[in-house]
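Summary of the model geometry
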Amino acid sequence: MVIAIDGPAGAGKSSVARAVAGALGFTYLDSGAMYRCVALAAIERGIDLDGDAALGELARSLEIDLDGDCVRLDAREVSEAIREPRVTEASSRVSIHPPVREAMVAQQQRIIAAGRFVAEGRDIGTVVSPEAPLKVFLTASAPERARRRAAQTGEDEAAVLAAQLERDERDEGREHSALRSADDAVELDTTGLSLDEVVGRVVELAQERNLA
Ligand code: DC
């Protein structure tokens, strides 16, 4: 069973999903980390980031292991390497390709079937788990999202905003599994809200639906 938390980059999905999982005793699943692993492997192996078939083959061959915040790619710890700006940019590019998405979605569905999860991403409520009993779509204004991301990573805020807008455009505009809110998702605009307020609201929703 899964609580789905989707939304654009910097909307606070990771912090919220992690905290909600902690509060409810569920396991946190970061689906974006999986696309980041594909991107890192493609960069390291010199695979064309726009090459559909080769990326699909790569995605199917990788062993990605998510253990809390520790991410392993073919048994090597890559938790920090996958957060580098060049990997961030590449992850948005590789995630456009249907064969990559099919491989990742299949893995995510296998993981989710084995327990109680709070999963964050772009397509959890629409594609990975359309039957999720609670779907939350988190948003925040673009400047606020850039401010939060810059504070987290120490990058320049204007540069983060520019890169984020480019990434949002690609995530929302792609042909397959584009970023969008599921029809039955609860939309939560987190602009001006504290993390505790957002987490409290999601936990409340889970309790109202007897999930916790
Ligand atoms: O959530 P994140 O920033 O770590 O995600 C990195 C990229 O992966 C994002 O630009 C789009 C892609 N992604 C996706 O297509 N589907 C998901 N469920 C999660 C992430």
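Values in this document were obtained by computation on a predicted structure and should not be read as measured data. (Residues numbered from 1 in each chain as written. Predicted model: local features only at pLDDT ≥ 70, side-chain atom pairs only at ≥ 80, totals over all residues. Heavy atoms only, no water.)

Our next topic: the site of the ligand. Lining the immediate surroundings of the ligand are 15 residues, of which Arg 36, Arg 101, Arg 122, Asp 123 and Arg 167 lie closest. Ser 31 is positioned with one of its side-chain polar atoms (N or O) 3.0 Å from a nitrogen atom of the ligand. For the ligand, an oxygen atom lies 2.6 Å from a polar atom in the side chain of Arg 36. Isolated, the ligand exposes 440 Å² of accessible area, and the fraction of that covered by the protein chains is 98%. When residues of the shell around the ligand are traced back to their parent elements, those giving at least two are α2 (31-45), α4 (85-94) and α8 (157-173). Examining the composition of the shell around the ligand, we find that four residues originate from one element, α2, more than from any other. For the shell around the ligand, the class distribution of residues is one nonpolar, six polar and eight charged. (Near = heavy atom within 4 Å. Polar contact = N/O pair within 3.5 Å; in protein donor to acceptor, adjacent residues only side chain to side chain. Areas by Shrake-Rupley, 256 points an atom, 1.4 Å probe, with all protein chains shown as cover. Helix = DSSP H or I, 4+ residues; strand = E, 2+ residues; numbered from the N terminus. Nonpolar A, V, L, I, M, F, W, Y, C, P; charged D, E, K, R; others polar.)

Right, let's talk about helix α9 (residues 195-208) for a bit. Along its 14 residues, α9 runs 20 Å from first to last C-alpha, staying within 8% of the 20 Å computed at 1.5 Å per residue. Residues of α9 that are buried include every one of Val 198, Val 199, Val 202, Val 203, Leu 205 and Ala 206, and no others. Down the axis of α9, the buried set is contained in an arc of 155 degrees. They therefore lie on one face. Across from the buried face of α9, at angles greater than 90 degrees, the exposed residues are Asp 196 and Glu 208. If you follow the buried residues of α9, they end up packed against β1 (2-6), α1 (13-24), β7 (134-139) and β8 (186-189). (Expected span 1.5 Å × (residues − 1). Buried < 20%, exposed > 50% of the residue type's maximum accessible area, 1.4 Å probe, protein only. Arc of directions from axis to C-beta. Contact = heavy atoms within 4.5 Å.)

Of all hydrophobic cores here, the largest spans 35 residues; its most connected members are Val 38, Leu 73, Ile 82 and Met 104. Secondary-structure elements contributing two or more residues to this core are β1, α2, α3 (52-61), β4 (70-73), α4, α5 (98-112), β6 (117-121) and α6 (124-128). The element that contributes the greatest number of residues to this core is α2, accounting for nine residues. Filtering out sequence-adjacent residues up to four positions away, Val 38 remains in contact with Leu 58, Ala 59, Leu 62, Val 94, Val 100 and Met 104. (Core = buried A, V, L, I, M, F, W, Y, C linked by side-chain atoms within 4.5 Å.)

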